[in-house]
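# Descriptive analysis of the structure
What follows is each chain in one-letter form.
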Amino acid sequence: MLTYLTYFVLSMFVGREVISKVPPTLHTPLMSGSNAISGITIVGALVAAGMTEGPWARWLGVAALIAATINVVGGFLVTDRMLQMFKKKPTARLGGTPH
Amino acid sequence: MVSDLINLSYLLAAALFIVGLKRLQSPATARRGNQLAALGMLLAVVATLFLKQILSPIEMIAGLAVGGLVGLVLARQVKMTAMPELVAAFNGFGGLASALVAGAEVIGATGWSTVLTITISVVIGMVTFSGSFVAFGKLSGKISGNPISFRGQGLLMTLVAGAAIFAMAWALIGPASLSAGLAPASFGVLVLAAVALLLGILFVMPIGGADMPVVVALLNSFSGLAAAATGFVLGNTALIVSGALVGASGLILTNIMCVAMNRSLLNVLIGGFGQESDASAPALGMADGRRVTTTSPDDTAILLTYAQRVIIIPGYGLAVAQAQHQVRELADILQARGVDVKYAIHPVAGRMPGHMNVLLAEANVPYDQLFEMDDINHAFDNTDVTLVVGANDVVNPAARHDQSSPIYGMPILNADQSRAAIVLKRSMRPGYAGVQNELFFSANTRMLFGDAKDSISALIAEVKEI
């Protein structure tokens, strides 16, 4: 348990370091992308759906699996769709003023 | 051996998540970063499928297929303007999944530490689930965006929280007191899930529409923490590490949003902050008799065309009117005539962190024309025209000096310092803070009433004629 707690706390620090440098322009993709990552529960759902502890556990697992898969697939795809739009345009446009 | 392989692939997946998030630090590398994170997820799923002793493949394939299809359709169909509610909905699904996985674990659970982690996971997961869907309802207009509160809400909230603690205790004592069956724990967790569901609803209901950026970011953090809690239940490091990353990310965003509003998180959560008063008569005058000055598209077009420097301030009204393409077209025409056009983005403009940036990116506005508040605020006094499109409280000078104003102390964009400000607005309805905006009554300000999309289309037509 203490080992897990160590992983948890250290990961929070890593997350803080990595994410505090994300520019505000990308905050929405950051949210939807990190949300997709939180769909990692899908791994737990797969195990639960494959359990033999009885029908209850299995059906809970299947429901969890559906929810987690929506989260993962939808989250990554919609983030990709958003990030696709963040392209840098050539600054010199017809008579425009580059800055 | 097999479990080593699984853990190695989980480690690799977590590393890919971190590298992927790191690439989100620049728009140029962000897309690849997201793809790396997705690859990490695929790796974790495939490793689990192949290496664990999975006994019922049909349920699993069905679950993956149904969930994948729904996710695919949602991600493809949604309009960019509906992005806040979609993000909220995905959050909700993530929270639900974590709670359900933990719930499934109750049946084989032994020992109080396992049950404790299960109860924590169920509470966070269910609150995330119901809270996110209330947020979804508010953002998509299915539930009133007004802060909904009623008398005794605080009492009810306390009761529900008390019930949650009681149910948690019940679930905990269960396995220890009854060695024969695990029924008490299961039942306790079931009650807990129901109570947590109610808690999530009560938690988001009183929060007004414009405070949604904070709530969405906070729920984002919760969805990560729920996954991490489930990781504690399963003893799965992949869940713990990834969940903690997301939890940290959401907390950082929540903090940024609160700082941008100069309000504490607690203040936002208590909610009930100003009604979006639909009922109030459109008052064209201030209490001291000052009145707003209106203008027309052709006058504004002349002003814009002969300006040297123009700053556009987008707000939630731009998203509602879906006017991002028109705004960009107007900016393009002005730039072609040698006008310097910049966009000023307030951190809490819109309904989620970065909302305006996504909308403008959809309209192909180059992101190097978008400026954050601190980078552009000094430039307003050297600006000829500021075009305020559907923004309100984030440009209210009262935040600087009027200590009685509910938004006093909130950092604002200095639109009032430019030589002229044109405010595009549907009516004189006050913003979410429920206060009149001093900017509208300033001598340099002209109001251009109407739907932002129509107004800007009219402006484009007029500018083309000059």
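Look up a bit, the structure's there.
Now for a description of the structure that goes with this document. (Residues numbered from 1 in each chain as written. Chains lettered and ligands numbered in written order. Predicted model: local features only at pLDDT ≥ 70, side-chain atom pairs only at ≥ 80, totals over all residues. Heavy atoms only, no water.)

### Notes on the nonpolar core
Heads up, the condition is: Put simply, a nonpolar core is a bunch of buried Ala, Val, Leu, Ile, Met, Phe, Trp, Tyr and Cys residues held in one set by side-chain atoms that sit within 4.5 Å of each other. Per-residue accessibility, obtained with a 1.4 Å probe over protein chains only, is compared with the maximum for each type, and a residue is labelled buried under 20%, exposed over 50%, and partly exposed between these values. The numbering of helices and of strands both runs from the N terminus, where a helix is a DSSP run of H or I of at least 4 residues and a strand a run of E of at least 2. We call two residues in contact when some of their heavy atoms are within 4.5 Å.
Among the nonpolar cores identified, the biggest contains 136 residues, and Ile40 of chain A together with Met83, Ile312, Leu330 and Tyr343 of chain B are the most heavily contacted of them. Of the residues forming this core, the biggest block, 14 residues, is contributed by helix H4 (residues 55-85) of chain A. If we ignore the near neighbours within four places in the chain, the residues touching Leu330 of chain B are Leu304, Leu387, Ile456, Leu459, Ile460 and Val463 of chain B. Val292, Leu413, Leu439 and Phe440 of chain B belong to the second largest nonpolar core, which has 31 residues in total.

### Some points on helix H11 (residues 297-305) of chain B
Residues and elements named next belong to chain B. What counts, and what does not: The arc refers to the directions leading from the helix axis to the C-beta atoms.
Every buried residue belonging to H11 is among Thr300, Ala301, Leu304 and Thr305, and all of these are buried. Down the axis of H11, the buried set is contained in an arc of 130°. They therefore lie on one face. In this structure, the buried side of H11 is in contact with strand E1 (309-314), helix H13 (324-336), strand E4 (385-389), strand E5 (420-425), strand E6 (445-449) and helix H17 (452-465).

### Notes on the packing of aromatic side chains
Counted only if it meets this: Classification of ring pairs uses Phe, Tyr and Trp, with its six-membered ring standing for Trp, and accepts pairs whose centres are within 6.5 Å; under 30 degrees between planes counts as stacked, over 60 as edge-to-face, and the remaining range as tilted.
Scanning the model with the defined rule gives seven aromatic pairs over all chains in all. Their ring planes at 65° and their centres at 5.4 Å tell us that Phe129 of chain B and Phe133 of chain B sit as a pair that is edge-to-face. With Phe129 of chain B and Phe133 of chain B both in helix H5 (residues 112-139), this residue pair falls four residues apart, about one helical turn. Overall, the relative accessible area of 27% leaves Phe133 of chain B in the partly exposed class. Here the aromatic residues Tyr4, Tyr7 and Phe8 of chain A together with Phe232 of chain B are joined through ring pairs into a cluster of three or more.

### A look at the sheet that holds E1 of chain B
The strands that make up a sheet pair up through hydrogen bonds in the backbone, lying either parallel or antiparallel. Residue and element names in this part refer to chain B. Rules: Strand pairing is assigned whenever DSSP identifies at least 2 bridges connecting the two strands. Note on method: axes are straight lines fitted to C-alpha atoms, helices fitted across the in-contact stretch only, with angles between N-to-C directions ranging 0 to 180 degrees.
With parallel pairing, six strands are arranged side by side in an open sheet as E3-E2-E1-E4-E5-E6. In the strand order of this sheet, the two ends are held by strand E3 (370-372) and E6, each with one partner. Each strand axis lies, on average, 25° off the axis of its neighbour in the sheet, ignoring direction. Here E1 pairs with strand E2 (residues 340-345) via four bridges, running parallel. Each residue of the ladder has a partner; that of Ile312, found in E2, is Tyr343. Relative to the sheet, H13 contacts E1, E2 and E4, its axis offset from that of E2 by approximately 145°.

### Let's talk about the interface of chain B and chain A
Counted only if it meets this: Buried area is calculated as the accessible area (1.4 Å probe) missing from two parts once they are joined, with the contributions of both summed. When a carboxyl oxygen of Asp or Glu lies within 4 Å of a side-chain nitrogen of Lys or Arg, that pair is called a salt bridge. Here a polar contact is taken to be a pair of N or O atoms separated by no more than 3.5 Å, where protein atoms must pair a possible hydrogen donor with a possible acceptor and residues adjacent in sequence count only if both atoms sit in side chains. Gly is put with the polar residues, along with every residue not named as nonpolar or charged; the nonpolar set is Ala, Val, Leu, Ile, Met, Phe, Trp, Tyr, Cys and Pro, and the charged set is Asp, Glu, Lys and Arg.
Facing the 112 residues of chain B at the interface are 87 residues of chain A. Interface area, chain B with chain A, both sides summed: about 8,300 Å², of which 75% is carbon and sulfur. Inspection of the chain B/chain A interface yields one salt bridge. The partner of Arg31 of chain B in a salt bridge is Asp80 of chain A, and the shortest N-O contact between them spans 2.9 Å. At the junction of chain B and chain A, the tally comes to 18 residue pairs in polar contact (both at pLDDT 80 or more). Broken down by element, the side of chain B that touches chain A gets its largest block of residues, 17 residues, from helix H9 (residues 237-261) of chain B. A class-by-class count of the residues in the side of chain B that touches chain A yields 64 nonpolar, 35 polar and 13 charged.

### Some details on unusual backbone geometry
Residue and element names in this part refer to chain B. One non-glycine residue, Asn262, lies in the positive phi region at around 55°. With respect to the secondary-structure elements, Asn262 resides in the loop between H9 and helix H10 (265-270). In the Ramachandran plot, Asn364 falls in the positive-phi region, its phi being about 65° despite a non-glycine side chain. Turning to its location among the elements, Asn364 is positioned in the loop between helix H14 (355-362) and E3.

### What to know about the layout of surface pockets
Definition in use: A 1.4 Å probe that fits into a set of points on a 1 Å grid over the protein atoms alone but cannot get out defines a cavity; an open set with protein on both sides within 12 Å along at least five of seven lines defines a pocket, and lining residues are those with an atom within 4 Å of a point. Grid points are joined across faces, edges and corners, and a volume is the space filled by probe spheres set on the points.
Roughly 410 Å³ of internal volume is contained in the second largest pocket. In terms of lining, the second largest pocket is formed by 28 residues, of which the most central are Pro24 and His27 of chain A together with Ile256, Pro347 and Glu372 of chain B. When residues of the lining of the second largest pocket are traced back to their parent elements, those giving at least two are H9, H14, E3 and helix H15 (373-376) of chain B. Of the residues contributing to the lining of the second largest pocket, the split by class is 19 nonpolar, seven polar and two charged.

### Some words on the environment of Leu304 of chain B
Residues and elements named next belong to chain B. Among the structural elements, Leu304 can be located in helix H11. Separated by 104 residues in sequence, Leu304 and Tyr408 have C-alpha atoms that sit 31 Å apart. Filtering out sequence-adjacent residues up to four positions away, Leu304 remains in contact with Val310, Leu330, Leu334, Val339, Val385, Leu387 and Leu459.

### Re H5 of chain B
Put simply, the rule reads: Expected span of a helix: the number of residues minus one, times 1.5 Å.
Under the 1.5 Å per step criterion, the end-to-end length of H5 of chain B is 40 Å for 28 residues, consistent within 8% with the ideal 40 Å. Looking at the residues trailing H5 of chain B, positive phi occurs at Gly141 of chain B, about 80°.

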